[in-house]
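Survey of secondary and tertiary structure
In case you want the letters, here they are:
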Amino acid sequence: MYRLREITKVFGRETSALDGVTLHVAPGEHVAVIGPSGAGKTTLFRLLNLALRPTSGSLRFEGADVATLSDAALRQARTRIGTIYQQQNLVGRLRVVHNVLAGHLGRWSTAAALASLVRPREVETASAALARVGIGEKLYARTDELSGGQQQRVAIARVLVQDPDVVLADEPVSSVDPSLAVTLITLLRDLSDESRKTLLVNLHSVDLALSFFPRIVGVRAGRVAFDLPPDRVTVDLLEALYAGDRDDEAQLERLRDGYDPFGRACRPLTGFRP
Ligand SMILES: Nc1ncnc2c1ncn2[C@@H]1O[C@H](COP(=O)(O)OP(=O)(O)OP(=O)(O)O)[C@@H](O)[C@H]1O
Ligand SMILES: [Mg+2]
């Protein structure tokens, strides 16, 4: 689905948000991305949803080198990618049904999209998607009158309507309580599984990442610090990810292999909180 090789992203003259990221993601894979604030996670997601271009390195999406795509091909590729943001990018004053049907925007002509604002097309589609995320009764509610968690469900329903190959969720649950967070992550995982979508989620909760994802990518200072199954992610590795010396690559290397700086086996993970 994705092949990133030595990707860098520099903002302005000197802010290096990504500094040599190499990452392959297979179709249908579920991946959690974790790492400290400012590590480059959102920048990585904006590259993956083709909103940003890398400064250097190569990015292949579904086999095609993104740098060589025409504008039309790029637009087409973007319709295959659904993004859920922490700020859900919903239009508050519109009714829920319109926000959900905006999932079609990449496919519909502007005229059809505008017409849908007056008279919702495919209301049944929207209604079914809302039922899937557990708020079927909110079809005609004003979006800004929903709770944060309900709005997050609307954002997921919108992606259901879009029906992309890839779902990218950038901190989709950081504004909801822990139990709703589990519900929403489970929902995202199950919906993606059902339709064999690739799912990448950027999470601040390490617990959620380790509990729900078979592959954990730790990002630190614009680089992939580790890329491991959850049972190989140790407390030492997480401490190094969140608090470690930014330049201590050698230490991370040892931790990735499961040993602390003194050659002892790393402590297993029990209730770690960054
Ligand atoms: N549009 C931009 N212009 C300039 N600098 C940017 C821009 N976007 C991100 N950055 C910088 O790139 C670095 C990585 O930012 P990014 O948003 O990717 O981090 P993050 O890992 O998502 O952090 P958080 O966990 O706080 O969301 C930061 O130093 C940030 O200030
Ligand atoms: Mg971010």
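Up top you'll find the structure we're talking about.
Read on for an overview of the structure. (Residues numbered from 1 in each chain as written. Chains lettered and ligands numbered in written order. Predicted model: local features only at pLDDT ≥ 70, side-chain atom pairs only at ≥ 80, totals over all residues. Heavy atoms only, no water.)

1. Concerning the packing of helix α6 (residues 148–162) against helix α7 (residues 178–194)
To keep things clear, this is the line we draw: Helix axes use the C-alpha atoms of the stretch in contact, all axes being lines fitted to C-alpha atoms, and the angles between their N-to-C directions lie in the range 0 to 180 degrees. Under the scheme used here, helices are H or I runs from DSSP no shorter than 4 residues and strands are E runs no shorter than 2 residues, and both carry numbers assigned from the N terminus. Note on angle classes: values under 35 degrees are labelled roughly parallel, values over 145 roughly antiparallel, values of 65 to 115 roughly perpendicular, and the remainder oblique. Contacts were defined at the residue level, with two residues in contact if any of their heavy atoms lie within 4.5 Å. Residue polarity follows a fixed list, in which Ala, Val, Leu, Ile, Met, Phe, Trp, Tyr, Cys and Pro are nonpolar, Asp, Glu, Lys and Arg are charged, and the others, Gly among them, are polar.
Here α6 crosses α7 at 5 degrees, and the two axes come no closer than 11 Å. For the element pair α6 / α7, the angle class is roughly parallel. Here Gly-149, Gln-152, Arg-153, Ile-156 and Leu-160 of α6 lie close against α7, whose contacting residues are Leu-180, Thr-183, Leu-184, Leu-187, Leu-188 and Leu-191. Its residues placed into classes, the contact of α6 with α7 shows 7 nonpolar, 3 polar and 1 charged.

2. Focus: empty space enclosed by the protein
Convention followed: Points on a 1 Å grid over protein atoms alone make up a cavity when a 1.4 Å probe fits among them but cannot get out, and a pocket when they form an open set with protein on both sides within 12 Å along at least five of seven lines; lining residues each have an atom within 4 Å of a point. Grid points are joined across faces, edges and corners, and a volume is the space filled by probe spheres set on the points. Where each domain begins and ends follows an automated or database-derived domain assignment.
In this structure the tally under the stated criterion is 1 cavity of 30 Å³ or more. In this structure, the largest cavity encloses a volume near 60 Å³. Of all elements in the fold, only α6 and α7 reach the threshold of two or more residues within the lining of the largest cavity. Three or more residues apiece are contributed to the lining of the largest cavity by two domains, here domain 1 (1–80 + 164–274) and domain 2 (89–163).

3. Quick look at helix α1 (residues 41–48)
Formally: Exposure categories follow from relative accessible area, calculated using a 1.4 Å probe and restricted to protein chains: below 20% of the type maximum is buried, above 50% is exposed, and the middle band is partly exposed.
Most of α1 sits inside the fold, with 6 of its 8 residues counted as buried. Phi turns positive one or two residues past the end of α1, at Leu-50, with a value near 65 degrees.

4. Considerations on the sheet that holds strand β6 (residues 81–84)
This is how the line gets drawn: When DSSP finds two or more bridges between two strands, those strands count as paired.
Taking strand neighbours across the sheet as the criterion, the 6 strands line up as β6-β7-β8-β3-β9-β10 in an open arrangement whose pairing is mixed. Looking at the sheet topology across the chains shown, the edges are occupied by β6 and β10 (223–228). The average undirected angle you get between the axes of adjacent strands in this sheet is 15 degrees. Pairing of strand β3 (residues 30–34) with strand β8 (residues 198–202), which is carried by 4 bridges, proceeds in the parallel orientation. In the sheet register, Ala-32 faces β8, and the bridge partner there is Val-201. Sheet strands in contact with α7 are β3, β6, β7 (166–170) and β8, and its direction is about 160 degrees off that of β8. Those strands touched by helix α9 (residues 235–243) are β3, β9 (216–220) and β10, and its axis lies near 160 degrees from that of β10.

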